[in-house]
Every structure is written in structure tokens, then in C-alpha cells.
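Reading the structure
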Number of protein chains: 2
Amino acid sequence: MTAPEPADLTALPSPSLVIDEARLDSNIAAMAAFAARAGLALRPHVKTHKSVEIARRQRAAGAAGITVATISEAEVFAAAGFTDIFIAYPLWLDADKTARLRRLLEAMPDGAGPLLIGVDSVEGAARAAHAAAGLLDRLAVLVEVDSGHHRSGVPAAQAGPVAAAATLAGLDVAGVFTFPGHSYTPDGRRAAATDEARELSAALVSLAGAGVTARIVSGGSTPSVEFADATVLTEIRPGVYVFRDAQQWELGMSSADDIALTVRATVAARHDGHLIADAGSKVLGADRGSYSTGFGRLLDHPDARVCALSEHHATITGIDLPAGSRISVVPNHVCTAVNLADDYLVVRNGAVVARWPVDARGANT
Amino acid sequence: MTAPEPADLTALPSPSLVIDEARLDSNIAAMAAFAARAGLALRPHVKTHKSVEIARRQRAAGAAGITVATISEAEVFAAAGFTDIFIAYPLWLDADKTARLRRLLEAMPDGAGPLLIGVDSVEGAARAAHAAAGLLDRLAVLVEVDSGHHRSGVPAAQAGPVAAAATLAGLDVAGVFTFPGHSYTPDGRRAAATDEARELSAALVSLAGAGVTARIVSGGSTPSVEFADATVLTEIRPGVYVFRDAQQWELGMSSADDIALTVRATVAARHDGHLIADAGSKVLGADRGSYSTGFGRLLDHPDARVCALSEHHATITGIDLPAGSRISVVPNHVCTAVNLADDYLVVRNGAVVARWPVDARGANT
């Protein structure tokens, strides 16, 4: 299944995931500069790219640590030498996850860590303390707060009781975190950042009432991050900014010129009123926001839309091209597209210069 | 990343893809029996499962061959010894695909084949003939006909001209095929089968006008297959039937008792009015049909719905369960869920008896 290294873009297997290295580096540098200016630590979410190479570039640009979503992602990045890792998820530590968490803690080099994990219930905190028994000095928890996305996380006023229970169980409570995911709407970005700051502030009051002082106050999605309130937050966890995608383009926060990852695909068929390209939902992912104008965009043809998606067919309208044409498709949601691919082809000055593995592909447990 | 083989279901890593082996075998046997009764050859689409083990069971039950969607899937199954393969896609044979197609043809054992591929344009046929130069006795093409799904495929009246061009270029035209994908609507199943038979019949008339006689007339999606017209079709290509999924359940063609694949997940958090389970879009896939009532169902709780999906969070309503509960989530579209996983855990009589790789995971070029 290993394709020969293509010498140029026309020889790429179709479809392929292609990174524009200059844009990637520019996106990494811009967010690092923004965080430094704002006085916020940057802990990028690496679930977007699942790539050790890209995480290293983020670290070299000044990232204070990394965020992951699962224990298996933490395993990949810890094995690659990352030592400041936050698993931003309210883990339910069953037998399997307990064993794997303990192996992560045991393998931590001297001076590393602590490993940070999320909790969002008294029971979850008790299980975390039990799971890490004997290794509690290597673990710290952040209480997840719901700032308006209404997914996981406790209401701000419950953060104190959860923190108190965690402390009582012997856990180091490092602070609080939230994901203002309701920033993913047109015109919702600034409001989500306002909600984020208000609810995190309220959570800090609740923590203080329980006698817990936070040293980490963590927030920030890519759409809301430019409005992050540095008087409340100490760190931000954006992910998508490294690549951008059609969602960000349609939310008005990226231009086509910022987009660093595309799926290089081929027009396989041309029919009355539409084209069929060979990148379907098994390559692009099927994500579609309520505000999305389709299932993906074409980088070089702003009027074109992927109007329908099967597993191996993208139906494209708004553009006419000959069969055999190469196109650069911008996935709606780059995180799910990346998780479908085994590797990236990296392009610099129009030539393929590297192949990077998607190291944590499928690391979703 | 290799988990220890779990001895029982409670020790499974969460989330995991779990096959109920008895239901799988029953689904395989039922479709094989249906095809035999109907006098139709069964050429199951293995993109659903991407598993050599399952394809072998389909062959043992009487399948005449297999269908794949891509050259890379054909590579996986040819390497595993399958010799009657149809790539049901209008391949655009660029340099990379030409080289790989030629390797497939060269590696075919004596007496195998021919390898079947789809064409849906005069230019595509010309490229196929050029790509297989010197190996044309090992290749045959089926002309793709649009029977109402309006994706790829030519109108029936154009099948003859495409077949004539293919013949002139030196290709063996084995017949015609269609995918009546518009069967994926409530109450649309029988009508799609009627469209399929009418358009394939018209395509055969068009072929006859071009002096081409079809020996294969191939159709059939899982929802429409029970209405397939055996006076027109010679073979059917259903895929999803081996597992079933929430789409099929909601189209009224499966009961919960037929569903052979679920994602075993865990309730990670319980909040006011909803649960959060740890199987998100990176495990379930984000497919959602216009008729779907959510992003997935719970096998044992018919009133529950996955009402929202993030990468690692399924938001579930309509059921209340304690945190830590194990649940069996039925993906909306099983083909895309399978393509996200590296392996299946196989359960018989409540115990894990095997781990099967998803051999062709990511084989989408």
C-alpha cells in the first residue's frame, strides 16, 4: 500500500491530503505571536493534525504544552517526547483507561508534567484519584465548565464542589477549563468569548469558595480566540488554526489564502450540470454545520460547492472543468478529514518535499 | 497502540467496534439465500466492511465475486486471493492509477478474472484501453448508467455510444451497471428498483443498437435489492446488509435484532437532560440523511437519540443512565464508521472471540 514518493504534484495518488508548508508555518507563527502579545500561554489542540512533526513546530514557535482529546493521543505524543500534555476531556476511568493512564504516569520522565486531565463530576474526580493512587504527584485535574456550548462541563457554580471533592480525594486541582464551541456560528465568535470569560470568572469564584486557587484558566476555540479575555484566562487551546478549513472560511475568519491543507482530487466524470470528483466522505468527512453552504469548497474556485457527498463521489456544482482536472478541495472540518488519512504530502514551492505520518490517526480511545 | 486482547466485554477499550458474529453470519446467509432464490448472482460490495475475513464468509455463502470502490481496495482483496473483482467506479486512469491497474492485471493468476471496471464516458473508455495496453485480455468494462440517483453514470441512451467507443478501443464490454442510490429514502425503495430495471433495460437496447451484447447487468443497493427485477438484472451488489445500521433501521428495513455492528461506548458524563458518550464523529462518522432522526441510535434503547456529535462527544437524549454505563451505539452509516477503525472485536455468546483487522481501512485511492 506504500505509494512511491511522487516527484511532483501531478503524480500524487488521488485523492491525497496535501499540506502547503509555507502556509502551515505562517499559521503557526501568527497564533504564537498573537498569544505572546495577549500574554496568554498557547496549548494547541493537536487532535486537529495528530502529527508529531507539526506539534514540534508548534512547540518550537513557543507553545507551552499540547492539548489532546484521548488517552491514546496522549500515548502517541508522550512517546514522541512531549511532557506537558492536557487531556481535555472528562475521562471516565474504567479498567482499560485506568491501566493506560497509570502507564502514562509511570513513564513520565523526571521533571515532566504533571499530566493534566479534565473532570466534570464528583464521581469522575473520585475515580481519577483512585486510578492514580500512588502516582498522584504526577497528575493534576482541571474542572470542566460549561460556558454555553452545553456539551460536557458543569455549570460554573458547581465547579467549586467538584474541585473540593477532587482535593479531598487527594487530587491536585490545577484550575478550570472550558470549550466555547458555540463560537462556531456566524456572528457568534465575540459573544462566545464573552460567555467564556464570564463563566470561567464565576467558576473561579466558586473554586475560591471551596478553598481552591486556580493556576490554570484555560479556554479558547479557534473562532473565539482573538476575543479571549486575558484578564481571566491564562491559556488558550485553539486547534484548527494550523490548517483552517471551509468552516472557518465560511465563518469569515480565514481567507482562501490562509488554508494550509487541501485534498488534491481529480474530476473523474463530467455530467450535465455537475462534476464528480474522487474525494468522498471517506476522505473529506461528512461534517456539515448548519451555516455551511455545502460539504466542502474548492480552493481555487470560490463559487464552486460540493453539494452532495457519497463515500467516493463529491458532486460539485458552480464550476465546469474537463474530466481529469486536478482540484484542491477544502474539507468542511479539517480535524475529521485528517483522521481519515494515514499520511500527509507536504508541498513547498510547488514540489512534494516530505511525507508526514498522521501519527495519532485512529487514536480515539 | 495494540491493546491486550480483552477477555470479556467489560474490559474492551472504549469506544470499540463490535461485531455480533451470529447476526453477521445470519445476514450473510439471508442475502445469499435471497439471491439464489431470485436467480441473481451476488457480488457484495466490500467497501462496507473492508474485511478479508468477512468477504471470505460471503464467498463461502455463495457470492460470485466482490465489488470494490477503489483500486486500493482491489489491491487489498486481490492480495488476499480474490479473483473476481469489480471496481464499480468510473476510474479516471492517471499515471498513478494506470501503473497500479497494470500491476493488478499483471499479478492476476491464470484463469482469474477478468478484472471489471466502470466507465461512464468515451474519454474514460479510451484512457482505460490505453492504460491496459498489452493486457486487454485481463480487463473488461461495465458502462455505468444513471438510473435516477444523478451522481455518476450516463443516461441510458448514451450507454451504446460509450460501449461502442470502448469496443472500438479494444476493450471487452461485459455489460452495464447502476447504483440506485435514491433508494435511501422512506418509501423510495420499490420505486428505485423500478427505475433501475427500466433504465438498465433501456441501456441494453442502446448497447444492442451499438452491436454490443451484455453478459452482466448489475444493480442493487441494500434498500432496493428485495425488489430487484431478475428479468433484467443478472447480479446485485448490496453492501450494508452484512451489518445494517441506523439508516436501514430508520428506513424500516432492519429491526434492531438484525444489526450486527455497534460501537461499544461509555457514558462519560451525565448532565441536565442529556448524556455524553465517548464515541464522537471520529468513531461514528458524521453522516446524517435527510430522513435521519439524529446522528445515531442506541441498540437497546429505541427512544434514545444521538442528537449532537462532536469529535469525541455524542450528546444523547431520550434516555437516562448512570455515568460509566456501557452502551451500544448504532452508527447512521456503517460504511463510514468502519473506515475510521483499525479493527473489529468479534463477540459470540457474550464473549470476545476474535479481533479482525479492517484490512482496507483508508484504502480510498
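Just so we're clear, the structure is a prediction, and the values are computed from it rather than from any experiment. (Residues numbered from 1 in each chain as written. Chains lettered and ligands numbered in written order. Predicted model: local features only at pLDDT ≥ 70, side-chain atom pairs only at ≥ 80, totals over all residues.)

**Topic: the relation of the copies chain A and chain B**
Superposing chain A onto chain B takes a rotation of 180° plus a shift of 0.0 Å along the axis, which leaves an RMSD of 0.0 Å. The transformation just described matches what one would write down for a two-fold rotation axis. Judged by C-alpha distance, Ala 286 of chain A is the residue of chain A that lies nearest the rotation axis, at 2.6 Å. (Least-squares fit on C-alpha atoms with pLDDT ≥ 70 in both.)

**Describing the packing of helix 5 (residues 122–131) of chain B against helix 6 (residues 159–168) of chain B**
All names here are of chain B. The interhelical angle for the contact between helix 5 and helix 6, taken along N-to-C directions, is 20°, at an axis separation of 9 Å. It follows that helix 5 is roughly parallel to helix 6 by the angle criterion. In the packing of helix 5 onto helix 6, the handedness of the crossing is right-handed. Between helix 5 and helix 6, the contacting residues are Val 122, Ala 125 and Ala 126 on the first element and Pro 161, Val 162, Ala 165 and Ala 166 on the second. Across the contact of helix 5 with helix 6, the residue classes break down as seven nonpolar, no polar and no charged. (Axes fitted to C-alpha atoms, helices over the stretch in contact; angles between N-to-C directions. Helix = DSSP H or I, 4+ residues; strand = E, 2+ residues; numbered from the N terminus. Parallel < 35°, antiparallel > 145°, perpendicular 65-115°, else oblique. Left-handed = near helix turned anticlockwise from the far one by under 90°. Contact = placed C-beta atoms within 7 Å. Nonpolar A, V, L, I, M, F, W, Y, C, P; charged D, E, K, R; others polar.)

**Some words on the domain arrangement of chain A**
All names here are of chain A. Under the domain assignment, chain A is made up of domain 1 (9–17 + 246–357) and domain 2 (40–242). Its C-alpha centre places domain 1 at a distance of 32 Å from the equivalent point of domain 2. Each partner contributes to the interface: domain 1 provides twelve residues, whereas domain 2 provides 14 residues. Those elements that place two or more of their residues in the side of domain 1 that touches domain 2 are helix 8 (246–250) and helix 10 (334–338). Broken down by element, the side of domain 1 that touches domain 2 gets its largest block of residues, three residues, from helix 10. Looking at the side of domain 1 that touches domain 2 residue by residue, the class counts come to eight nonpolar, four polar and no charged. (Domains from an automatic or database assignment.)

**Thoughts on the sheet that holds strand 2 (residues 41–42) of chain B**
Residues and elements named next belong to chain B. Strands sit in the order 2-9-8-7-6-5-4-3 across an open sheet of eight strands; the sheet is parallel. Each edge of the open sheet carries a strand with a single partner, namely strand 2 and strand 3 (66–68). Each of strand 4 (85–90), strand 5 (115–119) and strand 6 (139–144) touches helix 5; the most contacted strand, strand 5, lies at about 150° to it. (Pairing = 2+ DSSP bridges.)

**Concerning the interface of chain A and chain B**
Interfaces are often sized by the amount of accessible area the parts lose when they come together. Across the boundary between the two partners, chain A contributes 49 residues, which contact 49 residues of chain B. Put simply, the parts of the chain that give the side of chain A that touches chain B at least two residues each are strand 4 (85–90), helix 4 (95–106), helix 5 (122–131), strand 10 (261–271), helix 9 (281–284) and helix 10 of chain A. Of the residues belonging to the side of chain A that touches chain B, the class tally is 19 nonpolar, 19 polar and eleven charged.

**Details of the nonpolar core**
By size, the foremost hydrophobic cluster in this structure holds 238 residues, and its most contacted members are Val 141 and Val 176 of chain A together with Val 141 and Val 176 of chain B. Excluding residues that lie within four positions of it along the chain, Val 141 of chain A makes contacts with Ile 117, Val 119, Ala 125, Ala 128, Ala 166, Leu 171, Val 173 and Ala 174 of chain A. (Core = buried A, V, L, I, M, F, W, Y, C linked by C-beta atoms within 7 Å. Buried ≥ 20, exposed ≤ 12 C-beta atoms within 10 Å, placed from the backbone.)

**Notes on the environment of Thr 167 of chain A**
All names here are of chain A. Structurally, Thr 167 can be placed in helix 6 (residues 156–168). Separated by 44 residues in the primary sequence, Thr 167 and Gly 211 place their C-alpha atoms 9.6 Å from one another. With residues near it in sequence (within four places) discarded, Thr 167 still touches Val 173 and Val 212.

**Here we look at unusual backbone geometry**
Residues and elements named next belong to chain B. Pro 15 follows Ser 14 through a cis peptide bond whose omega is -5°. On the secondary structure map, Pro 15 appears in the segment before strand 1 (16–20). The linkage connecting Gly 113 with the following residue, Pro 114, adopts the cis geometry, with an omega of 5°. Here Pro 114 shows up in the loop between helix 4 (95–106) and strand 5. For Asp 187, which is not a glycine, the phi torsion comes out positive at approximately 70°. As for its placement among the helices and strands, Asp 187 is situated in the loop between strand 7 (172–177) and helix 7 (189–209). On the neighbour-count criterion, Asp 187 (9 C-beta atoms within 10 Å) is exposed. One non-glycine residue, Arg 244, lies in positive phi territory at about 65°.

**Brief notes about the environment of Gly 273 of chain A**
Residues and elements named next belong to chain A. Here Gly 273 lies in the loop between strand 10 and strand 11 (274–277). Overall, the presence of 9 C-beta atoms within 10 Å leaves Gly 273 in the exposed class. Taking C-alpha positions, Gly 273 is 25 Å from Trp 249, a pair spaced 24 residues apart along the chain.

**With respect to the sheet that holds strand 2 (residues 41–42) of chain A**
Residues and elements named next belong to chain A. Strand order across the open sheet formed by eight strands is 2-9-8-7-6-5-4-3, with parallel pairing between neighbours. Here the strands that pair on one side only, and so sit at the sheet edges, are strand 2 and strand 3 (66–68). Relative to strand 4, strand 3 runs parallel, the two being bridged by three bridges. If you follow Val 68 over to strand 4, its bridge partner there is Ile 87. Set on the sheet, helix 3 (residues 71–79) makes contact with strand 3 and strand 4; between it and strand 4 the angle comes to about 175°.

**As for the pairing of strand 8 (residues 216–219) of chain A**
Residue and element names in this part refer to chain A. One ladder, built from three bridges, connects strand 7 (residues 172–177) with strand 8; its direction is parallel. The residue of strand 8 that forms the bridge with Gly 175 is Ile 216. Of the crossover connections in this fold, the one passing from strand 7 over helix 7 (residues 189–209) to the parallel strand 8 is right-handed. Pairing of strand 8 with strand 9 (residues 235–236) involves two bridges; the strand directions are parallel. Residue pairing across strands places Ser 218 opposite Glu 235, the latter belonging to strand 9. (Right-handed = clockwise from strand over helix to strand, strands pointing away.)

**Focus on the packing of helix 6 of chain A against helix 7 of chain A**
All names here are of chain A. Two elements in contact, helix 6 and helix 7, have axes separated by 7 Å at closest approach and are oriented at 35°. Classified by chirality, the crossing of helix 7 by helix 6 is right-handed. Note on element contacts: helix 7 touches helix 6 through Glu 199, Ala 202, Ala 203, Ser 206, Leu 207 and Gly 209, opposite Ala 156, Ala 157, Ala 159, Gly 160 and Ala 163. Each residue belonging to the contact of helix 6 with helix 7 can be placed in one class, and the counts come to seven nonpolar, three polar and one charged.

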